[in-house]
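Structural overview
Listed below are the residues making up each chain.
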Amino acid sequence: MSGAAGARAAAVRRAAGALRTRWRALAEGLHEFYVGPYRRTFAKAQRDEDDLFRMLVMSEMLGVPNPASYYTAELLPVLYDGFHEWHRRMGMERSPLEEYRCC
Amino acid sequence: MNSLILAGIGVAMMIAGYLLYSRFLGRRVYRLSASFRTPAHELQDGVDFVPTNKFILWGHHFTSVAGAAPIVGPAIAVIWGWLPAFLWVTLGTVFFAGMHDLGALWASVRHRGQSIGTLSARYIGARGSRLFLVVIFLLLLMVNAAFAVVIAGLLVSTPTAVLPTWGALVVAVLIGQAIYRLKWSLPVVSMIGVAALYGLILLGDRFPVVLPETVLGLSATSFWIVVLFLYAAVASTLPVWVLLQPRDYINGLQLFIGLGLLYGSVLLFGPSIVAPAVNANVPEGTPGLMPLLFVTIACGAISGFHGIVSSGTSAKQLDKETDARFVGYFGAVGEGLLALGAIIATTAGFRTLADWEEVYSAFGQGGVGAFVDGGGAILNAGLGLPTSLSSTILATMAVLFAATTMDTGVRLQRFVVQEIGDLVGVKLGTVVATAIVLVVCLGLTFSAGADGSGGMLIWPLFGTTNQILAGLTLSILAVMLVRRRRPVLPALVPLVFVLFVSVYALLIQLGGFYRDGNWLLLVLDVIILVAALWVIVEAAVALRRARTAEPDLDEDEPAQVGTGGGGRE
């Protein structure tokens, strides 16, 4: 590659790098603009979910029959959406369930 | 007069206000300090208290405060001529709104991000804070009723806006799904969303939706009002990520684009203003300019609602105290620019004075319809877009503003109703509380007739309620400044003025409602009048107390006077 062509390629790479940085900054700005006003609402929803989970765990521990277990099978389809990400987070590369192969 | 000159003078005044007056306020009055640890840092929790880049926070603040009000108010008020509206919007933004919004931010930041309602209990007394709740409830009621009528009127007068208005909801739902479920890149989704919205506008322009004269026994306007309330009820109870969040977002982008288009067209075309500077030939039945001008234009000049946003969310996210100048004061300037755009559209967007007078044939006429038609003509001349398409763009912009405010309003009012239920020991579920809100709002909207005209009749009452709320915030600021032994006139002059015009306007309207036998509005007027007088008494007592009390000193404030580190950005 001639010197001029190399310089051109370097300039193109620099421009592409600068563009990527700008694009990332734009994406971050837009993301903040999108989520900012609703942070509190989502935090509240998360807290409600955690409270429900805590209540179920505590009632199991105290020997109160868990009203949710009867419906658990019906709730499975709802859980499937996040199942793949969950087993990956738990350190299992592949689905641990025979009957449910997500990957 | 050429509208370009008017726009130039107006923009220059507001920018000068930001550069000079807000600097004075920041340095001498509020003494903003870059070294003060703001609640966003002190109480950082990743939820409410998050230090945020000042440009992004300005975007949040501006899109939260800018609704249909800075369009509707000026579009009605130009009936007295363009000059009074222009002066009130520019001077009001510089000396009233900017001071008020920046002040509300400062007051909240200096009190661990507490809201104006909480601060009113501290500085004005417990009665002041109860008063605050009453005023908020009435304000929300009026916003919901009036905006439903504004939107319904636009959907009838601009049938080309029907498709983009309802189609925007579908776009918003799809954006929400693309972001949360499909995890698409936000800039790409934004571009597609905006393109889809403008595609819908083009489609709507080709296929206008005109309703028959009566639908299900209701007139077209009444039918749209009922549909809008049903929509707001459903939207306000859905999980926010499904509709409200993406809709607010796309609407925010649309606000910046719409303002850019309007001012760009004025710059390219510079249409002449056909309306008189001061209209000596006002239609019969038009109330006097003094004091109605100052309550007809509330948002765009000074608005109590801004204080709620400033102290409710913006103050909790302020990275540095000195950013308050940009977020608070320049946020008010943004809204002032929207109001100025509305004045130009409604006075320069007509071919002749006769055309203008035909539209402004009675008080309350013109309004947002004139903004759409006039602004459409300017877009047409400036950018070469067909007139009908230009009108559709502006009508969609106005409808989307009003709709976002309306469903947030219904949601907030539901919370207030549930809170009142708790106070009297009744637990109200979401559905029941929303149903109560709907019944009350629809009752008010149809109080003056089956055409829903009750919603617009209360517009000046909305202005007065909003100004009283601003008065409450200004009185808190005045008390804080007196207790800190700072210059108090920048707060005191707007305080006295807004309370004076509010009470004056309420008394005039009271007579009108009594003569017309409009008992519902009469009762509302009396409630607001009592609230206004209450604010005056409470503020006077608190100010007297503050003068004799031990002076307050901020913990970061040096003992000597005039060395605040404000104004650096």
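Residues numbered from 1 in each chain as written. Chains lettered and ligands numbered in written order. Predicted model: local features only at pLDDT ≥ 70, side-chain atom pairs only at ≥ 80, totals over all residues. Heavy atoms only, no water.

Selection rule: UniProt positions are given in the numbering used here, feature names are shortened, and annotations may be inferred rather than shown by experiment.
Under the annotation held in an unreviewed UniProt entry, chain B carries the name Carbon starvation protein A and is attributed to Brachybacterium saurashtrense. Under the UniProt heading Sequence similarities (unreviewed entry), the entry covering chain B gives this text: "Belongs to the peptide transporter carbon starvation (CstA) (TC 2.A.114) family." In the Subcellular location (unreviewed entry) part of its UniProt record, chain B is described as follows: "Cell membrane".

Focus on the overall build of chain A
Rules: The helix and strand labels rest on DSSP assignments: H or I over at least four residues marks a helix, E over at least two residues marks a strand, and numbering proceeds from the N terminus. Values of the radius of gyration come from C-alpha atoms, whereas the globule rule sets the reference at 2.2 Å times the count of residues to the power 0.38. To sort residues, take the accessible area from a 1.4 Å probe on protein chains only and compare it with the maximum for the residue type: under 20% means buried, over 50% means exposed, and anything in between is partly exposed. In short, Shrake-Rupley with a 1.4 Å probe defines the accessible areas, and a residue's cover is counted only from the protein chains shown. Counting rule applied: Lys, Arg positive; Asp, Glu negative; His and chain ends not counted. We put the charge of a Lys on NZ, of an Arg on CZ, of an Asp on CG and of a Glu on CD.
Of the regular secondary structure elements, chain A holds three helices and zero strands. Beginning at the N terminus, the succession of helices and strands in chain A can be written as α-α-α. Taken against the 2.2 N^0.38 rule, which gives 13 Å for 103 residues, the C-alpha radius of gyration of chain A at 24 Å runs more than 25% over that of a compact globule. Structurally, chain A occupies a C-alpha span of about 80 × 40 × 20 Å along its principal axes. Within chain A, buried positions represent 15% of all 103 residues. For chain A, the accessible surface area stands at approximately 8400 Å², while carbon and sulfur atoms represent 61% of it. Across chain A, the centroid of the 15 positively charged side chains sits 18 Å from that of the 13 negatively charged ones.

Describing the nonpolar core
Rules: For the purposes of this section, nonpolar cores are sets of buried Ala, Val, Leu, Ile, Met, Phe, Trp, Tyr and Cys residues that join through side-chain atoms within 4.5 Å. Residue contacts follow a heavy-atom distance rule, with two residues in contact if any of their heavy atoms lie within 4.5 Å.
Counting 178 residues, the largest nonpolar core has Y30, F371 and L461 of chain B as the members making the most contacts within it. Here this core takes 20 residues from helix α7 (residues 126-157) of chain B, the largest share from any one element. In this structure, F371 of chain B is in contact with I71, A75, L262, A342, A345, T346, G376, L394 and M397 of chain B, ignoring residues within four places of it in sequence. Ranked by size, the runner-up nonpolar core spans 15 residues in total, among them V35 of chain A together with I175, I179 and L253 of chain B.

Re the environment of T465 of chain B
All names here are of chain B. Heads up, the condition is: Polar contacts here mean pairs of N or O atoms no more than 3.5 Å apart (in protein, one a potential hydrogen donor and the other a potential acceptor; neighbouring residues in sequence count only if both atoms are side-chain atoms).
Along the chain, the position of T465 falls in helix α20 (residues 459-483). Between the C-alpha atoms of T465 and V209, which are 256 residues apart in sequence, the distance is 36 Å. In this structure the side chain of T465 is engaged in a polar contact, spanning 2.5 Å, whose partner is the backbone oxygen of L461.

What to know about the pattern of salt bridges
Let me state the cut-off plainly: In what follows, salt bridge is the name for a side-chain nitrogen of Lys or Arg lying within 4 Å of a carboxyl oxygen of Asp or Glu.
Under the definition given, this model contains nine salt bridges over all chains. One salt bridge in this structure joins E32 of chain A and R39 of chain A, with 2.3 Å as the shortest N-O distance. Its relative accessible area of 16% is what places R39 of chain A among the buried residues. Ionic pairing is found between E321 of chain B and R110 of chain B, a salt bridge with its closest N-O pair at 2.8 Å. In this pair, E321 of chain B sits in the loop between α13 (304-312) and α14 (324-348) while R110 of chain B sits in the loop between α5 (82-109) and α6 (116-123), placing the two residues 211 residues apart along the sequence. With a relative accessible area of 1%, E321 of chain B lands in the buried category. The class of R110 of chain B is buried, set by a relative accessible area of 11%.

Some details on the interface of chain A and chain B
Applied cut-off: Buried area: the accessible surface (1.4 Å probe) lost by two parts on joining, summed over both. Only Asp, Glu, Lys and Arg are considered charged in this grouping, and only Ala, Val, Leu, Ile, Met, Phe, Trp, Tyr, Cys and Pro are considered nonpolar; every other residue, Gly among them, is considered polar.
Contact with chain A, which involves 19 residues of that partner, is made by 31 residues of chain B. Interface area, chain A with chain B, both sides summed: about 2000 Å², of which 72% is carbon and sulfur. Three residues, F33, Y34 and Y38 of chain A, lead the burial of chain A against chain B; their summed loss comes to 40% of the area buried on that side. Taken together, the links from chain A to chain B amount to one salt bridge. Among the salt bridges present, the one from D48 of chain B reaches R40 of chain A, with a minimum N-O distance of 3.7 Å. The interface formed by chain A and chain B includes four residue pairs in polar contact (both at pLDDT 80 or more). In terms of residue class, the side of chain A that touches chain B is made up of eleven nonpolar, four polar and four charged.

Some words on empty space enclosed by the protein
All names here are of chain B. Short version of the rule: Throughout, the protein atoms alone are placed on a 1 Å grid, and a set of points is a cavity if a 1.4 Å probe fits but cannot get out or a pocket if it is open with protein on both sides within 12 Å along at least five of seven lines; lining residues have an atom within 4 Å of a point. Grid points are joined across faces, edges and corners, and a volume is the space filled by probe spheres set on the points.
For the structure shown, the criterion picks out one cavity of 30 Å³ or more. When its volume is computed, the largest cavity comes out at roughly 60 Å³. Within the residue set of the lining of the largest cavity, elements represented by two or more residues are α8 (162-180), α10 (220-237) and α17 (387-423).

Thoughts on the UniProt feature "domain: CstA N-terminal" (unreviewed entry) in chain B
All names here are of chain B. Sites flagged by UniProt as "domain: CstA N-terminal" (unreviewed entry) map to residues 2-347 and 363-505. Here residues 2-347 is 71% helix and 1% strand, with 11 Å between the C-alpha atoms at its ends. Strand forms 0% of residues 363-505 and helix 81%; the C-alpha atoms that close the span are 15 Å apart.

Side note on the packing of aromatic side chains
Residue and element names in this part refer to chain B. Keep this limit in mind: Side-chain rings of Phe, Tyr and Trp (the six-membered ring for Trp) are treated as a pair once their centres are within 6.5 Å; stacked means planes under 30 degrees apart, edge-to-face means over 60, and tilted covers the remaining angles. Charge-over-ring contacts are defined here by two conditions on Lys NZ or Arg CZ: a distance within 6 Å of the ring centre and an angle within 35 degrees of the ring normal.
In the structure shown here, the tally under the stated rule is 32 aromatic pairs over all chains. Between W80 and F363, the ring centres sit 5.5 Å apart and the planes meet at 45°, which makes this aromatic pair tilted. Here the residue W80 occupies a position in the loop between α4 (69-77) and α5, and F363 occupies one in the loop between α15 (353-359) and α16 (367-383), the gap between them amounting to 283 residues. Overall, the relative accessible area of 4% leaves W80 in the buried class. Plain terms: the ring middles of F294 and F497 are 5.0 Å apart, the flat faces sit at 90° to each other, and that makes the pair edge-to-face. Placement of F294 in helix α12 (residues 289-296) and of F497 in helix α21 (residues 489-516) is noted, with a sequence separation of 203 residues between them. A relative accessible area of 24% places F497 in the partly exposed class. Site record: aromatic cluster; members linked through ring pairs are Y18, F55, W58, F62, F256, F326, Y329 and F330. In this structure, K54 packs its charged tip against the face of F326, placed 5.3 Å from the ring centre. We note R325 situated over the ring of Y18; from NZ or CZ to the ring centre the distance is 4.9 Å.

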